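Breakdown of the fold
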Amino acid sequence: MNNEEIAQGESVSAEVCVGNELGLHARPAARLAQEAQRFSCDIALVVGGQEVDAKSILDILTLAAAPGCTMTVRATGRDAPLAVQTLQELFSRRFGEEK
């Protein structure tokens, strides 16, 4: 997929898992939204049939994502690949939390 295709609305996605002991609570949700806002592409989190804006802390919190919850990070736009990679890394590092 080239940048022109992505800019025209192609999506990039990846599966992530919530590894934090307390789930996707306020602190990691804020960090996730803050990182997502750095990108110009549209970014969504998808769990089951629910899709929310990854740039909104409140939307993220409505997921009530528990530890072990698997979700999809989906981005559409010019910087979508980098956005998905960056958010994947946040999840894999448990948002900097030890547990």
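Notes on the structure follow. (Residues numbered from 1 in each chain as written. Predicted model: local features only at pLDDT ≥ 70, side-chain atom pairs only at ≥ 80, totals over all residues. Heavy atoms only, no water.)

1. Notes on helix 2 (residues 26-36)
As a reminder, the rule being used: The cut-offs for exposure are 20% and 50% of the maximum accessible area for each residue type, with area from a 1.4 Å probe on protein chains only; residues under the lower value are buried, those over the upper are exposed, and the others partly exposed. Numbering of helices and strands runs from the N terminus; a helix is a DSSP stretch of H or I covering at least four residues, while a strand is a stretch of E covering at least two. Of all possible arcs, the one meant is that of the directions from the helix axis to the C-beta atoms. Any two residues whose heavy atoms approach within 4.5 Å are treated as being in contact.
Along helix 2, the positions that sit buried rather than exposed are Pro28, Ala29, Leu32, Ala33, Glu35 and Ala36. Taken down its axis, helix 2 places every buried residue within 165° of arc, on the same side. Facing away from the buried side of helix 2, by more than 90 degrees, are the exposed residues Arg27 and Gln34. Where the residues of helix 2 are buried, they touch strand 2 (42-47), helix 3 (57-62) and helix 4 (80-92).

2. Description of the environment of Lys55
Worth spelling out the cut-off: Each polar contact in these results corresponds to two N or O atoms within 3.5 Å; when the atoms are within protein, one needs to be able to donate a hydrogen and the other to accept it, and residues that are neighboring in sequence are counted only if both atoms are side-chain atoms.
Residue placement: Lys55 occurs in the loop between strand 3 (50-53) and helix 3. Between the alpha carbons of Lys55 and Glu98 there is a distance of 24 Å; along the sequence they are 43 residues apart. Once you skip the residues sitting within four places of it in the chain, Lys55 turns out to touch Ala33, Ala36, Gln37, Phe39, Ser40, Cys41 and Ile43. Among the polar contacts listed, one links the side chain of Lys55 to the backbone oxygen of Cys41, at a separation of 2.7 Å.

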